[in-house]
Amino acid sequence: MKLIFAGTPEFAAQALAAIVAAGHEVALVLTQPDRPAGRGMALQPSAVKQVALKHDIAVFQPPSLKDGEAQARLAAVGADAMVVAAYGLILPQAVLGLPRFGCLNIHASLLPRWRGAAPIQRALLAGDDESGVCIMQMEAGLDTGPVLLREALAIAADETAATLHDKLAVLGARLVVDVLDCLPMPAATQPAEGVTYAHKIDKAEAIIDWIRPAAELDRHIRAFNPFPGAQARFAGQPVKLWRAVLVAGSGEPGTILAVDRRQIVVACGDGALAVSELQKAGGKRLPVNQFLAGHPLQVGQRFETAS
């Protein structure tokens, strides 16, 4: 296959590497423009661009695909297919129709559940038992196209957005290679029932409200690890909570019920959470024993509630 690949983050980079390793000709890579990052805020290439440069693949970083010049460059490739994974730009109809076999999207959910931008986090927040990957034929609607191949993956009880992301990235890379090896192949229309939307994550969503049940807050902490980090407040200062488990306990929501070198037990609206990794603003992620050395906490003190 002669391909165009469009993607930006690590999730997409793994798919690009797998496609190259499978022997397909990637004639052009589309990725988001370099962004400032790090303490010096120097421009950094995306994970996909780094893979492309490693394999001497031409890279194109347009701010939009709506102008004729960008579309002409894509048309000049004469691609059999275009693979898209977490690219970050909308593909207009003029682009969707360019490749011989159209555009294929690697989507990290079991469509039609969790169409949209943040399927991994939304699945964890909702308490889903499983996630998965669909290789979808793209069309104008938001993740509405027919599915060529799908595979489910169980969500572990301690799954975070980071660990689920990594599992789905490996799965997506394998499935898209399988599809490319079999094109053209039949696709199944998505059912009309069971449609949900995975709206983009807003940082304000990460704020912890201790009035909520412990089971919900457990999912909350795992869904926002690593981004943007579940945020509590203590003595007027933000504290990010990175790891916690459900435990027995009751009290006024936000009240510290127990403290030792391994955990800080905090009462929730129903049940309690034993927090084992925290981070103060401007500090590092620390296990409880190291956190307490600089920020002593005592039984009876309270984290602030959101309301």
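This structure is a prediction, so every number in the text was calculated from the model and none was measured.

J.: Break down the environment of H165 for me, citing the residues and quoting the values.
T.: As for its placement among the helices and strands, H165 is situated in helix α6 (residues 161-180). When its relative accessible area of 21% is taken as the criterion, H165 is described as partly exposed. Between the C-alpha atom of H165 and that of E10, which follows or precedes it by 155 residues, the distance is 9.4 Å. When sequence neighbours within four positions are dropped, the list of residues in contact with H165 reads E10, F11 and I120.

J.: An account of the pattern of salt bridges is needed here, citing residue identities and associated values.
T.: Counting across every chain of the model gives twelve salt bridges. For E304, the salt bridge identified is with R233, shortest N-O distance 3.6 Å. A residue pair is termed long-range when its members are at least 10 positions apart, and E304 in the segment after α8 (288-294) and R233 in strand β12 (residues 230-234) qualify at 71 residues. On the basis of relative accessibility, which here comes to 34%, the residue R233 falls in the partly exposed class. When the shortest N-O distance is used, the salt bridge between D260 and R262 registers 3.6 Å. For D260, a relative accessible area of 30% gives the class partly exposed. Residue classification places R262 among the exposed residues on the basis of a relative accessible area of 59%. When salt bridges that share partners are traced, they join R243, E277 and R285 into one network.

J.: So what's going on with the pairing of strand β1 (residues 2-7)? Residues and values would help.
T.: Judged by how many residues are buried, β1 sits mostly within the fold: five of six residues are covered. Strand direction decides the pairing type here: β1 and strand β2 (residues 25-30), joined by five bridges, are parallel. Across the sheet, the residue bridging to K2 is E25, located in β2. Assessed by its sense of winding, the connection that carries the chain from β1 through helix α1 (residues 10-21) to β2 is right-handed. Across five bridges, the pairing between β1 and strand β6 (residues 81-85) is parallel. Counted as the bridge partner of F5 is V83 from β6.

J.: How would you sum up the layout of surface pockets? Please name residues and give values.
T.: Within this model, the largest pocket holds a volume of roughly 1400 Å³. The wall of the largest pocket is formed by 37 residues, among which A86, Y87, G116, A117 and A118 lie closest to the centre. Contributing elements (two or more residues each) for the lining of the largest pocket: β6, β7 (103-107), α5 (119-126) and α6. Estimates place the volume of the second largest pocket at around 170 Å³. Where the lining of the second largest pocket is concerned, the elements lending two or more residues are α7 (214-223) and β13 (237-247). At five residues, β13 tops the list of elements feeding residues into the lining of the second largest pocket. Residue composition of the lining of the second largest pocket, by class: six nonpolar, one polar and four charged.

Analysis parameters
Residues numbered from 1 in each chain as written. Predicted model: local features only at pLDDT ≥ 70, side-chain atom pairs only at ≥ 80, totals over all residues. Heavy atoms only, no water. Helix = DSSP H or I, 4+ residues; strand = E, 2+ residues; numbered from the N terminus. Buried < 20%, exposed > 50% of the residue type's maximum accessible area, 1.4 Å probe, protein only. Contact = heavy atoms within 4.5 Å. Salt bridge = Lys/Arg side-chain N within 4 Å of Asp/Glu carboxyl O. Pairing = 2+ DSSP bridges. Right-handed = clockwise from strand over helix to strand, strands pointing away. 1 Å grid on protein atoms, 1.4 Å probe; cavity = no way out; pocket = protein on both sides within 12 Å on 5 of 7 lines; lining within 4 Å. Points joined across faces, edges and corners; volume = space filled by probe spheres on them. Nonpolar A, V, L, I, M, F, W, Y, C, P; charged D, E, K, R; others polar.

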